[in-house]
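This is what each chain is made of:
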Amino acid sequence: MDDKLLRYTLRVDWILFQKFRYIADSKGRSANREIEQYLKRCVAEYEKVNGKIPIEPESLK
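Per-chain numbering applies: the sequence of each chain, read as written, is numbered from 1 onward. Where totals are concerned, whole chains, interfaces and linings use all residues; where local detail is concerned, this predicted model gives features only for residues with pLDDT of at least 70, and gives and counts side-chain atom pairs only at 80 or more. Hydrogens and water are ignored here; the side-chain numbers use all heavy atoms of the structure.

**Topic: the overall build of the chain**
Think of it this way: any DSSP run of H or I at least four residues long counts as a helix, any run of E at least two long counts as a strand, and we number them from the N terminus. Broken down by element type, the chain carries two helices and zero strands. Just to be clear, the radius of gyration here is over C-alpha atoms, and the globule rule we use is 2.2 Å times residues to the power 0.38. In terms of overall dimensions, the chain is more spread out than a globule: its C-alpha atoms have a radius of gyration of 14 Å, far above the 10 Å expected for 61 residues. Principal-axis analysis of the C-alpha atoms gives the chain an extent of 35 × 30 × 20 Å. Each residue gets one of three labels from its accessible area relative to the maximum for its type: buried under 20%, exposed over 50%, partly exposed in between, using a 1.4 Å probe on protein chains only. Counting all 61 residues of the chain, 5% fall into the buried class. All accessible areas in this document rest on Shrake-Rupley with a 1.4 Å probe, and a residue is counted as covered only by the protein chains that are shown. Looking at the chain as shown, the accessible area adds up to about 6200 Å², and 56% of this sits on carbon and sulfur atoms. If you average the places of the 13 positive and of the 10 negative side-chain charges in the chain, the two averages end up 4 Å apart. The charged-residue count follows a simple rule in which Lys and Arg add positive charge and Asp and Glu add negative charge, with His and chain termini not counted at all. Charge positions are represented by NZ for Lys, CZ for Arg, CG for Asp and CD for Glu.

Laid out in structure tokens, this is it:
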């Protein structure tokens, strides 16, 4: 596995997740890939308004 990838357990309502998977499927993506795309959009929108989020290299471990 790529060292840059983080494994994270997500707890979410079952029905909500099933609807989310439906959306991901309609876009030809896995639920995991759709979550990643959503997170990228969310961070980009935040940084557009508030400036780049500083990340310290040691916090990436």
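There's plenty left to go through after this.
**Description of the pattern of salt bridges**
For this analysis, a salt bridge means a side-chain nitrogen from Lys or Arg found within 4 Å of a carboxyl oxygen belonging to Asp or Glu. A full pass over the atoms with the stated rule returns four salt bridges. Across the pair Lys27 and Glu34 runs a salt bridge whose closest N-O atoms are separated by 3.0 Å. Exposure remark for Lys27: the relative accessible area of 44% places this residue in the partly exposed category. Notably, a salt bridge pairs Arg33 with Glu36, separated by 2.4 Å at the nearest N-O pair. Taken together, the residues span about one helical turn, with Arg33 and Glu36 both in helix α2 (residues 31-50) at a distance of three residues. With a relative accessible area of 41%, Arg33 lands in the partly exposed category. Among the residues examined, Glu36 registers a relative accessible area of 27% and is labelled partly exposed. Taken together, the salt bridges that share partners define one network made up of Lys27, Arg29 and Glu34.

**Overview of the side chain of Glu34**
Considering the arrangement of structural elements, one finds Glu34 in helix α2. Exposure remark for Glu34: the relative accessible area of 2% places this residue in the buried category. Discounting chain neighbours no more than four positions away, the residues touching Glu34 are Phe20, Ile23, Ala24, Lys27, Arg29 and Arg41. Residue contacts are defined here by distance: any two heavy atoms, one from each residue, within 4.5 Å place the two residues in contact.

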